[in-house]
Amino acid sequence: MAKTLSSLEIPTETAVLVYINQDESEDQVVEDELVGLCEAAQVEPVASIRQRLDRPYKGTFVGKGKVQEIAALTRECKADVVLIDGEVSGMQQRNLEEEFGCKVVDRTQLILDIFARRARTREGMLQVELAQLTYMMPKLMSVYTKFERQKGGIGMRGPGETKLESDKRLARDKISELKEEIEDVKRVRDQQRTSRRKHPFPFASIVGYTSAGKSTLMNRMAGTDVLVDAMPFATLDPTTRKIDLPDGYALFLTDTVGFIRHLPTHLVAAFQSTLEEVTFSDFVMHVVDLSNPAWEVQRDAVISTLETLGASDKPMLTLFNKIDLVPDKTALRKIVADWPNSVAISAFTGEGMGDLQSAIKRMVQELLGMTKVLIPYDRQSLLQECYDFGRVLKEEYRPDGIYVEAEVVNEMRQKLAQLEIA
């Protein structure tokens, strides 16, 4: 079993938070998000400081004056760690730790730590370890002092280089091993997906910003018992269930890991086998927490992540969730009216679930599509496939074949194309 940080007893730490953002309108979003990540990682924020940067400083990420301010604040608060809301290089991290006299952790490391805590399945643990190693590889050089690196001279014979190359090789070997194990898990997932594809139901994936209410919705629609937690990334492993809809329609619905602003590329790469559930879906159900003042920023972050995954062209049903926490019902109705293909719901109370089921049914109907065909008697097996891959509305035996009117999936429509009649 892959060893992750979740297997260790880590005491609660105190932290100074360093906010880095250019747009003042996103200040509250950035603050709320980093505080939420701290809570999920069992870290207590004791102070915060901000710097607006066009680009990071090469040696210390933040400016020299800000380094001194953070160092003083860290000593005053006796903080265990400085958390920086950005991605810090190995050299910058080492320099800052020397200045602050304590551990420095960037946003990506913080998210990786949370993923490590939340991983429960073998696949999740493997993916977390792969992301951690991939992220740490470029930082290995910073583990060694300048003196050790210089000892080898031109021929690179020194113990610093020998140890460094040895550690790099071990890390590369471990990464290759993890990728192979993940490929094994991926093959099983592909087999499961292929098996589900033999059924006549479309696929949909629930996506949304972390803590938007995806798992609550999944539990309500499918009767599952997926962990529901207000903290970021409560659920890492996808859950797929068959959902029954009105009038005999149905679909397979998959709950996915929550997205976040600037989701680290290491996580996207490591969790590719999990996230690709979205790319294989026929349509996407995007859950938006309308009670959050920054819901538009969160919505845009999800759409940006879908673009990264190559799934932005999927048909989308937008679910404005947590309407029970939205006092202004007039504004709520306007948002839904202005946003195409959307419904307002409360996954917690069940409000709007009837509208949601009707909207999903429409999406499924659009995916199925009507066909009218005359099936020759020597190809009667196609009739059974119409039942297997859609809904047969009319079946009539005629002298020259079986007349069938059916709603079927696209693959089946293509197969029947030559038998269609007006």
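Higher on the page you've got the structure.
A. Examining the environment of alanine 119 more closely. Mapped onto the secondary structure, alanine 119 falls in the loop between helix 4 (107–118) and helix 5 (122–136). Along the sequence, alanine 119 and glutamate 129 sit 10 residues apart, while their C-alpha atoms lie 10.0 Å from each other.

B. Representation of the sheet that holds strand 3 (residues 81–84) within the structure. Spatially, four strands are ordered 2-1-3-4 in an open sheet, and the strand pairing comes out parallel. Of all strands in the sheet, those bounded by a partner on one side alone are strand 2 (43–51) and strand 4 (103–106). Adjacent strand axes in the sheet meet at a mean angle of 25 degrees, parallel and antiparallel pairs treated alike. Note: strand 1 (residues 13–20) against strand 2, eight bridges, orientation parallel. Counterpart to leucine 17 in the pairing with strand 2 is serine 48. Across the face of the sheet, helix 3 (residues 90–100) comes into contact with strand 3 and strand 4 while running at roughly 140 degrees to strand 4.

C. Geometry of the environment of leucine 383. Examined against the element boundaries, leucine 383 turns out to sit in helix 14 (residues 381–388). Counting along the chain gives 20 residues from leucine 383 to tyrosine 403, while the straight-line C-alpha distance between them is 9.4 Å. Those residues in contact with leucine 383, other than ones at most four positions away along the chain, are Ile375, Glu395, Tyr397, Ile402 and Val404.

Criteria and cut-off values
Residues numbered from 1 in each chain as written. Predicted model: local features only at pLDDT ≥ 70, side-chain atom pairs only at ≥ 80, totals over all residues. Heavy atoms only, no water. Helix = DSSP H or I, 4+ residues; strand = E, 2+ residues; numbered from the N terminus. Pairing = 2+ DSSP bridges. Axes fitted to C-alpha atoms, helices over the stretch in contact; angles between N-to-C directions. Contact = heavy atoms within 4.5 Å.

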